[in-house]
Amino acid sequence: MTAPLIDPFMRAITYLRVSVTDRCDFRCVYCMAENMQFLPKKELLTLEELDRMCSTFINLGVEKLRITGGEPLVRRGILQFFEAMSRHLDSGALKELTLTTNGSQLEKYASALYAAGVRRVNISLDTLDEDKFARVTRWGRLPQVLRGIDAAQSAGLRVKINTVALKGFNEDEIFTLTRWCAERDMDLTWIEVMPMGDLGGEDRIGQYWALSELRETLAQEYTLVDLSERTGGPARYVQLVETGQKIGFITPLTHNFCESCNRVRLTCTGELFMCLGQEDNADLRSALRASEDDSVLEAAIREAITHKPKGHDFDYSRQEIKGQMTRHMSHTGG
Ligand code: SAM
Ligand code: SF4
């Protein structure tokens, strides 16, 4: 038996998020600058290396794998990677293979993802208004994403919508989005905007909007019941009695969820971030390339986990942004 990964605070690490590319076909204002400099391709882990990396983590007890980016579905050959990972679902070592996507490529890939064993997808969508969508994503077009959502549901994938709460931008869509998700039997999770990356500052979309406020607004029209269930992610959920749907809140800034953190994040260049909100990382690519023997990589992973910090330092409470990260979200993969 291989010993599981346990961090210094006795948290078992069973969840790996992997960013497979830093590239994207959108330029969301809170995530990327308009003229992003992307990494040279040679810096990226190849698909074979990503396979070896993920398989080693699974061997060390990781049971849930979330593929993200950038936009994971714009990485060439990504479907083969999903198909390769399905062997770990078949063996029972991996309990869930999933992804977070902007939905733009789902029309093309949804059925194949289902065939590879994916059962749930998180799709990011901040507004149902076509013009606002074009503004917030800069390059994205809403109808293409809506077709992607249709395709995902038709393929049998369970869809959860992730919406970044942006003051003055989608505050007025709380009820529209809630109803739209309810009609389509989709859960909805709101994410507080986090201080990631230098985004050029020219765009005023993306101001912090505390989810406690959103929750109060929702409670004016619905009866909210707190749910104790966790999905292995940082979201807290309520159920709306009237519709039965679940609404999640990811509140890294107002609610500290670090005590139950079971995850680590691998970037597309093979850096392992033990915490989304800290700069500390371990270079697993060197370990992977140093030897064909997986035990070298295993030792590097175990060593890295001993550095997992207790929590992050994001803090807006004094009207200043503390703990700001210079990394973009697309780098560590959201
Ligand atoms: N491209 C895919 C997508 O948009 O779903 C996957 C990667 S994206 C970086 C993952 C998630 O991070 C998305 O739901 C996105 O809205 C969220 N995100 C990006 N920048 C953020 C920020 N500054 N604060 C909070 N959430 C952010
Ligand atoms: Fe691309 Fe996702 Fe970032 Fe938007 S949030 S720019 S879709 S990676």
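In this text the structure is predicted, and so the values were computed from the model without any measurement.

Reading guide: rules and limits
- Numbering of residues starts from 1 in each chain and follows the order in which that chain's sequence is written.
- Chains and ligands are labelled by the order in which they are written, letters from A for the one and numbers from 1 for the other.
- In view of the model being predicted, local features appear only for residues whose pLDDT reaches at least 70, and side-chain atom pairs are presented and counted only at 80 or more, with totals across whole chains, interfaces and linings using the full set of residues.
- By convention in this description, side-chain values take in all heavy atoms of the structure and omit both hydrogens and water.
- For helices the rule is a DSSP run of H or I covering at least 4 residues; for strands it is a run of E covering at least 2, with both sets numbered from the N terminus onward.
- Residues count as neighbours in contact if any of their non-hydrogen atoms are within 4.5 Å of one another.
- Per-residue and other accessible areas were derived by the Shrake-Rupley procedure at a 1.4 Å probe size, with only the shown protein chains allowed to occlude residues.
- For this purpose, a residue is taken to be near a molecule or strand whenever a single non-hydrogen atom of the residue falls within 4 Å of it.
- Under the rule applied, a polar contact is a pair of N or O atoms within 3.5 Å (in protein, one hydrogen donor and one hydrogen acceptor; residues adjacent in sequence only if both atoms are side-chain atoms).
- Each residue gets one of three labels, nonpolar for Ala, Val, Leu, Ile, Met, Phe, Trp, Tyr, Cys and Pro, charged for Asp, Glu, Lys and Arg, and polar for the others, Gly among them.
- Relative accessibility thresholds used throughout: buried, under 20% of the residue-type maximum; exposed, over 50%; partly exposed, between the two (1.4 Å probe, protein chains only).
- Directions are taken from the helix axis to each C-beta atom, and the arc is the one they span.
- pLDDT: the predictor's confidence for each residue, scored from 0 to 100.
- By nonpolar core is meant a set of buried Ala, Val, Leu, Ile, Met, Phe, Trp, Tyr and Cys residues that side-chain atoms within 4.5 Å join together.
- Note: two strands are recorded as paired if DSSP finds a minimum of 2 bridges between them.
- A clockwise path from the first strand over the helix to the second, with the strands pointing away from the viewer, defines a right-handed crossover.
- Salt bridges are defined as contacts in which a side-chain nitrogen from Lys or Arg sits within 4 Å of a carboxyl oxygen from Asp or Glu.
- Structural elements are reduced to axes, namely lines fitted to C-alpha atoms, with helices fitted over the stretch in contact, and the angle between N-to-C directions of any two is expressed from 0 to 180 degrees.

Some remarks on the overall build of the protein
Within the protein, the secondary structure is distributed over 10 helices and 12 strands. Within the protein, counting contacts between residues at least 6 apart in sequence, those at least 24 apart form 73% of the total. Carbon and sulfur atoms provide 49% of the accessible area of the protein, an area that totals close to 14500 Å².

Examining the site of ligand 1
Surveying the vicinity of ligand 1 reveals 19 residues, the closest of which are Tyr30, Gly70, Ser124, Val164 and Met194. Contact distances for ligand 1 include 3.0 Å between a nitrogen atom and a backbone N or O atom of glycine 70. In this structure, an oxygen atom belonging to ligand 1 sits 3.2 Å away from a main-chain N or O atom of threonine 101. Its free accessible area being 540 Å², ligand 1 has 95% of it covered by the protein chains. Elements supplying a minimum of two residues to the shell around ligand 1: strand 3 (96–101), strand 5 (158–165) and strand 6 (187–192). Looking at the shell around ligand 1 residue by residue, the classes come out as 8 nonpolar, 9 polar and 2 charged.

A word on the site of ligand 2
All residues in the neighbourhood of ligand 2 are listed as Cys24, Phe26, Cys28, Cys31, Met32, Gly70 and Asn102. For the shell around ligand 2, a count of residues per class yields 5 nonpolar, 2 polar and no charged.

A closer look at helix 7 (residues 211–221)
Leu211, Leu214 and Leu218 are the residues of helix 7 that are buried. Angularly, the buried residues of helix 7 cover 50° about the axis, an arc narrow enough to put them on a single face. Summarising the geometry of helix 7, the exposed residues directed more than 90 degrees from the buried face are Glu216 and Gln220. Where helix 7 is buried, its residues meet strand 5, helix 6 (174–183), strand 6, strand 7 (224–227), strand 8 (236–240) and strand 9 (246–250).

Let's talk about the confidence of the model for the protein
On average, the protein scores 89 in pLDDT, and the residues at 70 or more come to 86%. Across residues 315–323 the pLDDT falls below 50, and counting only partners more than four positions away or on other chains, this stretch makes 14 contacts in the model.

Examining the nonpolar core
Counting 95 residues, the largest nonpolar core has Leu16, Phe57, Leu65, Phe82, Ile161 and Leu272 as the members making the most contacts within it. Non-local contacts of leucine 272, meaning those with residues more than four positions away in its chain, are made with Leu16, Phe57, Val264, Arg265, Leu266, Asp280, Asn281, Ala282, Leu284, Ala304 and Ile305.

Digging into the pairing of strand 1 (residues 15–19)
Among the 5 residues in strand 1, 5 count as buried, and that is most of the element. With 5 bridges connecting them, strand 1 and strand 2 (residues 64–68) associate as parallel partners. Directly across from valine 18, in strand 2, lies its bridge partner isoleucine 67.

Remarks on the pairing of strand 2
Along a regular strand, successive side chains alternate from one face of the sheet to the other. Across the 5 residues that make up strand 2, a large majority, 5, are buried. Across the two faces of strand 2 the burial is the same, with Lys64, Arg66 and Thr68 and Leu65 and Ile67 all buried. The β-α-β motif built from strand 1, the intervening helix 1 (residues 47–59) and the parallel element strand 2 has right-handed crossover chirality. For the segment spanning strand 2, helix 2 (residues 78–91) and strand 3, crossover handedness is right-handed.

Some remarks on the pattern of salt bridges
This model, assessed by the stated rule, comprises 19 salt bridges. Here glutamate 173 and lysine 132 are joined by a salt bridge, their closest N and O atoms 2.8 Å apart. Note that glutamate 173 is positioned in the loop between strand 5 and helix 6 and lysine 132 in helix 4 (residues 130–137), a separation of 41 residues in sequence. Both residues of the pair, glutamate 173 and lysine 132, belong to the buried class.

Things to note about the environment of histidine 88
Tracing the backbone through its elements, the reader meets histidine 88 in helix 2. Remark: the alpha-carbon pair of histidine 88 and glutamate 63, spanning 25 residues in sequence, is separated by 9.3 Å. Discounting chain neighbours no more than four positions away, the residues touching histidine 88 are Ser55, Ile58, Ala93 and Leu94. There is a polar contact of 2.9 Å between the side chain of histidine 88 and the side chain of serine 55.

Observations regarding the sheet that holds strand 10 (residues 263–266)
Across the sheet, 12 strands lie side by side as 7-8-9-6-5-4-3-2-1-10-11-12; this open sheet has mixed pairing. Only two strands of the sheet have a single partner each, and these edge strands are strand 7 and strand 12 (281–283). Pairs of neighbouring strands in the sheet enclose a mean axial angle of 25°, with direction left out of account. Summarising the sheet, strand 8 and strand 9 pair through 4 bridges and their orientation is antiparallel. What sits directly across from arginine 236, in strand 9, is phenylalanine 249. Each of strand 5, strand 6, strand 8 and strand 9 is contacted by helix 6, which is oriented at about 145° to strand 6, the strand it contacts most. Across the sheet, helix 7 lies against strand 5, strand 6, strand 7, strand 8 and strand 9, angled at about 160° from strand 9, the strand it touches most.

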